[in-house]
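# What the coordinates show
Next come the chains, spelled out residue by residue.
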Amino acid sequence: MATPTDATTTSHAPAPAPAPSPRPRSADRWYRIRLFRGMINDVRRRAPYYVSDWTDAWNYRVVPATVYMYFANILPALAFSLDMFSKTDMQYGVNEVLLASVLGAVVFSVLACQPLVIVGVTGPITVFNYTVYDIMSPTGTNYLAFMCWIGLWSLVFHWVLAVTNSCNWLRYVTRFPCDIFGFYVAFIYLQKGIQVLERMGDEEPFYLSLVVSLLVFAISYVCAELGKSALFTHPVRVFLKDYGTPLTVVFFTGFVHLGKMEGVHLENLPVSTSFFPTADRGWFVHFWDISVGDVFLAIPFAVLLTVLFWFDHNVSSLIAQGTEFPLSKPAGFHWDLFLLGLTTGVAGLLGLPFPNGLIPQAPFHTESLCVTSVVADPDETGAGKGHYEFKATHVVEQRVSNLAQGLLTLSTMSSPLLVVLHLIPQGVLAGLFFIMGFQALEANGITAKLLFLVRDAALTPAGHPLKQIPRRAAIWLFVAVELAGFAATFAITQTVAAVGFPVFIFALIPVRALLLPRWLTPQELSVLDEPTASPFTMEGIGGSYGGREGMLDASADGSSGEDGTDRGKVDGSSGGMFRRSGDAAVSAGRRSEEELAELGEGRLRAPNAAGMRRMSSAVDEDGVEMLGMRVSRRGLASREGY
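Remember, predicted model here, so these are calculated numbers, not experimental data. The residue numbers shown here count from 1 along each chain, following its written sequence. Where totals are concerned, whole chains, interfaces and linings use all residues; where local detail is concerned, this predicted model gives features only for residues with pLDDT of at least 70, and gives and counts side-chain atom pairs only at 80 or more. The side-chain quantities take in all heavy atoms of the structure and omit both hydrogens and water.

Our focus in this paragraph is the overall build of the protein. Comment: elements are numbered from the N terminus, with helices defined as DSSP H or I runs of at least four residues and strands as E runs of at least two. Each helix and strand in the protein was counted, giving 24 helices and 6 strands. Partly exposed residues are those whose accessible area sits between 20% and 50% of the maximum for their type, while under 20% is buried and over 50% is exposed, using a 1.4 Å probe and protein chains only. Counting over 642 residues, the protein shows a buried share of 55%. Carbon and sulfur atoms provide 66% of the accessible area of the protein, an area that totals close to 27,300 Å². Here the Shrake-Rupley method, with its probe set to 1.4 Å, supplies the accessible areas, and only the displayed protein chains count as covering residues.

Below, the structure is given as structure tokens:
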């Protein structure tokens, strides 16, 4: 029996202090970086598919994709080589550009986590190369040695970005900056075509070259359109789509020698000795033949190059794995950025233009590997209208087509094929620039919005996604910001400050994340913008930002429970790509987005009993195969304020 003293003591005993709640892990995630985590998980996710990446190549689509990408890669590269040949005093020529393309193709087809991405010499790097030449040439600096140091410093910066998981920030790269950059690249193609013709003077060679370039453009365009039409049989349409442009180049290379045209002297593509550099030098650059001051002067140029490649290559990867492609194998951005640094350093040591992901060739490659089926196009009542369209059922994901087109490019450096390349008139190359630029503009989101704005409203289909926006001024504002971003980027490339244009491109990301949400509602942004790649592709970098996150918060009719479960439903009426039906589901636990990205799990996942991610495919009302998965409304909407 307790004594009074005992009772008093017991009644006044202090209650045990509650256990301290665990500190939210996301509170200190901003400075905690798990080195190499992204790269390790990229390789871990992709490694189980490595054998199938080779065995899955036993498919007919690989053959036309290889031939198509060989010409789609090499022909613009030859045109860029002509541009750099004339603007860098023959420091870069055909062989350098071809070998740079081979380097990128071999490394990325064999070692990359994203082997569908075509790597080669792009328009932006062409501008970068001859702008550096214009800046450094008056100083008497060894140009190739200086470019080599730019490549070596950039290698270091690429590797730092790769091991610190910088690609997690790709979740903020939506269609907004991608469309602006694609718009810029398209105009670079068109500008280069015009510049090729300007070198012809104003007499017979100019007029013949002009006619040839326009004919190459027109026939290539007709072949592409016939490939998408209902005319002829399916094999004929596929043949025209896959081989129309290469055969057009072959035809007009001989066409200019018919009749009286043979007497007109046309400038051809300049070439050099087989497998040798264009200039009188060896393949290995004497990078020590430069002052110490110039070595460190190369650092700011290397920073700009790294910014350009981080954006350009990753955007190429995102677009090549876009939402319109039903992919089934995981991506790996961190590891591929590491490989890009390696190829940049090696290219500098060999005196090559730095290769990186190509736009629009990279998405063209994925598209050429799509297996399609015919889908009826019903009207608003569900009745058939007699129209149809092609929908991709799956993609032949493999490494052989990328490797094969690289080896074909290497064979082009042989003496017989260099002789053939020398026969190509520069007017034909101008036509190639025109068709590549036009096709890139045709597929661009800015073009689609402009066409909607100038289209007769009475003739616009009622189901058009942009008609969901009641404020037409919102569309004009969004397009105006996109055009302003394009204009600023394009304008600076016309000046000696062109070397700084990567800063303008990179600045588009915070413009989308910070400024546009102040001017447009979440519902409007969900229709006007969308994540670039599917949730499946974005898993390794923590999911996607933009597009649907605002719509989720605005349209859900319930609140989140204590466990993060979304009690509401989304009506699926968003114009963004990620439409879904059914209940929103539980979040992916208490871990932060950054942690999920570094762990390689991603923010969007559907755990099963075994703890593995499984995704079921669903077909939305437009017949596009999407990846159905459970998502957390709280996780998506929490980034609205960024």
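Attention now moves to the environment of Ser154. Structurally, the position occupied by Ser154 is in helix 7 (residues 143-163). Sequence-distant contacts of Ser154, defined by excluding residues within four places in its chain, comprise Ala302, Leu305, Thr306 and Thr344. When checking whether two residues touch, look at their non-hydrogen atoms; a contact exists if any pair is within 4.5 Å.

Our focus in this paragraph is the nonpolar core. Most often, soluble globular proteins have nonpolar side chains that are buried together. Phe128, Val132, Ile150 and Tyr184 are the most contacted members of the largest nonpolar core, which totals 135 residues. Tallying contributions element by element places helix 11 (residues 292-320) first for this core, with 14 residues. Excluding residues that lie within four positions of it along the chain, Tyr184 makes contacts with Pro124, Val127, Phe486, Thr489, Phe490, Thr493 and Phe501. One finds Val62, Ala65, Leu369 and Cys370 within the second-largest nonpolar core, a separate group that totals 10 residues. We define a nonpolar core as any set of buried Ala, Val, Leu, Ile, Met, Phe, Trp, Tyr and Cys residues linked to one another through side-chain atoms lying within 4.5 Å.

What follows concerns the packing of helix 8 (residues 175-198) against helix 11. Orientation is described by axes fitted as lines to C-alpha atoms, over the contacting stretch for helices, and by angles from 0 to 180 degrees between their N-to-C directions. Where helix 8 meets helix 11, the axes come as close as 11 Å, and the angle between the chain directions of the two elements is 110°. Between helix 8 and helix 11, the interaxial angle falls into the category roughly perpendicular. Where helix 8 abuts helix 11, its residues Pro177, Cys178 and Phe181 lie against Phe311, Asp312, Val315 and Ile319. For this scheme, ten residues count as nonpolar: Ala, Val, Leu, Ile, Met, Phe, Trp, Tyr, Cys and Pro. Four count as charged, namely Asp, Glu, Lys and Arg, and the remainder, Gly too, count as polar. Residues belonging to the contact of helix 8 with helix 11 are distributed by class as follows: 6 nonpolar, no polar and 1 charged. Reported orientations rely on four angle classes, namely roughly parallel under 35 degrees, roughly antiparallel over 145, roughly perpendicular from 65 to 115, and oblique for the rest.

What follows deals with unusual backbone geometry. At Phe232, a residue that is not glycine, the phi angle is positive and equals roughly 60°. Here Phe232 lies in the loop between helix 9 (204-227) and helix 10 (234-255). On the basis of relative accessibility, which here comes to 53%, the residue Phe232 falls in the exposed class. Phi is positive for Phe275, close to 60°, though the residue is something other than glycine. Among the structural elements, Phe275 can be located in the loop between helix 10 and helix 11.

By convention, a stacked pair of Phe, Tyr or Trp rings (six-membered ring in the case of Trp) has centres within 6.5 Å and planes under 30 degrees apart, an edge-to-face pair has planes over 60 apart, and any other such pair is tilted. Going through the model one piece at a time under the given rule, you end up with 34 aromatic pairs. When the centroid spacing of 6.1 Å and the interplanar angle of 75° are considered together, the rings of Tyr50 and Trp54 count as edge-to-face. Separated by 4 residues within a single helix, Tyr50 and Trp54 lie in helix 3 (residues 50-55), roughly one turn from each other. Taken together, a centroid distance of 6.1 Å and an interplanar angle of 40° make the contact between Tyr189 and Phe433 tilted. Of the two residues, Tyr189 sits in helix 8 while Phe433 sits in helix 16 (residues 426-442), which places them 244 residues apart along the sequence. Residues Tyr189 and Phe433 agree in their burial class; the two are buried. An aromatic cluster of at least three residues, connected via ring pairs, comprises Trp149, Phe284, Phe287 and Trp288. We call a charge positioned over a ring when the NZ of a Lys or the CZ of an Arg lies within 6 Å of the ring centre and within 35 degrees of the ring normal. Its end group placed over the ring of Tyr130, Lys87 keeps NZ or CZ at 4.3 Å from the ring centre.

By secondary structure assignment, the location of Asp294 is in helix 11. On the basis of relative accessible area, Asp294 is assigned to the buried category, the value being 15%. Asp294 sits 158 residues away from Met136 along the chain, and the two C-alpha atoms are 9.7 Å apart. With residues up to four places along the chain from it excluded, the contact list for Asp294 reads Met136, Thr141 and Phe146.

Take the confidence of the model for the protein next. Looking at the protein, the pLDDT average stands at 77 and 78% of residues meet or exceed 70. Counting interchain partners and residues more than four positions distant, the pLDDT-below-50 stretch residues 1-13 has 0 contacts. For every residue, the predictor states its confidence as a pLDDT score lying anywhere from 0 to 100. Within the model, pLDDT remains below 50 along residues 549-642, and this stretch shows 204 contacts once partners closer than five positions in the same chain are excluded.

What follows is about the packing of helix 6 (residues 123-136) against helix 8. Two numbers describe how helix 6 lies on helix 8: the axes approach to 9 Å, and their chain directions differ by 65°. Compared by their axis directions, helix 6 and helix 8 come out roughly perpendicular. Residues Gly123, Pro124, Val127 and Tyr130 of helix 6 touch helix 8, and the partners they reach there are Phe181, Tyr184, Val185, Ile188 and Lys192. Class assignment for the residues of the contact of helix 6 with helix 8 results in 7 nonpolar, 1 polar and 1 charged.

Here we come to the environment of Gly123. Relative to the assigned elements, Gly123 resides in helix 6. Take Gly123: its relative accessible area is 3%, and that puts it in the buried class. Taking the C-alpha atoms as reference points, Gly123 and Pro76, 47 residues apart in sequence, are found 8.9 Å from one another. For Gly123, the contacting residues outside a window of four places in its chain are Phe80 and Ile188.

Moving on to helix 5 (residues 94-111). The α-helix advances 3.6 residues per turn, and as a result positions three or four apart in sequence lie on the same side. Over its 18 residues, helix 5 runs 26 Å from end to end, which matches the ideal 26 Å to within 8%, given 1.5 Å per residue. Burial analysis of helix 5 places 15 of its 18 residues in the buried class, which makes it a mostly covered element. Expected span of a helix: the number of residues minus one, times 1.5 Å.

Moving on, we come to the side chain of Gln426. By secondary structure assignment, the location of Gln426 is in helix 16. According to the relative accessible area criterion, Gln426 is buried, its value standing at 7%. Among the polar contacts made by the side chain of Gln426, one reaches the main-chain carbonyl oxygen of Asn268 at a distance of 3.0 Å. Apart from residues lying up to four places away in sequence, Gln426 is in contact with Leu82, Val196, Met200, Glu267, Asn268, Leu269 and Pro270. Polar contacts here mean pairs of N or O atoms no more than 3.5 Å apart (in protein, one a potential hydrogen donor and the other a potential acceptor; neighbouring residues in sequence count only if both atoms are side-chain atoms).

Of the two site types, the cavity is a set of points on a 1 Å grid over the protein atoms alone where a 1.4 Å probe fits but cannot get out, and the pocket is an open set with protein on both sides within 12 Å along at least five of seven lines, each lined by residues with an atom within 4 Å of a point. Grid points are joined across faces, edges and corners, and a volume is the space filled by probe spheres set on the points. Enumeration over the complete set of coordinates arrives at 2 cavities of 30 Å³ or more. Residue lining of the second largest cavity: Arg46, Cys113, Gln114, Pro115, Leu116, Gln321, Leu327, Lys329 and Glu397, and that is the complete set. A breakdown of the residues in the lining of the second largest cavity according to their chemical character gives 4 nonpolar, 2 polar and 3 charged.

Each patch groups residues whose relative accessible area exceeds 30% and which form no salt bridge, using 9 Å between like charges and 5 Å between nonpolar side chains of Val, Leu, Ile, Met, Phe, Trp and Tyr. Salt bridge criterion: a side-chain nitrogen from Lys or Arg within 4 Å of a carboxyl oxygen from Asp or Glu. Together, Val106, Phe275, Phe276, Leu407 and Leu410 line one region of the surface with nonpolar side chains, adding up to about 420 Å² of accessible area. Structurally, Leu410 is set in helix 14 (residues 400-411). By relative accessible area, Leu410 is classed as partly exposed at 30%.

Attention now moves to the pattern of salt bridges. Taken as a whole and assessed by the stated rule, the structure comprises 14 salt bridges. Across the pair Glu324 and Arg175 runs a salt bridge whose closest N-O atoms are separated by 3.2 Å. Remark: Arg175 occurs in helix 8 and Glu324 occurs in the loop between helix 11 and helix 12 (333-350); sequence separation between them is 149 residues. By sharing partners, the salt bridges in this structure join Arg46, Asp53, Asp56, Lys329 and Arg399 into a single network.

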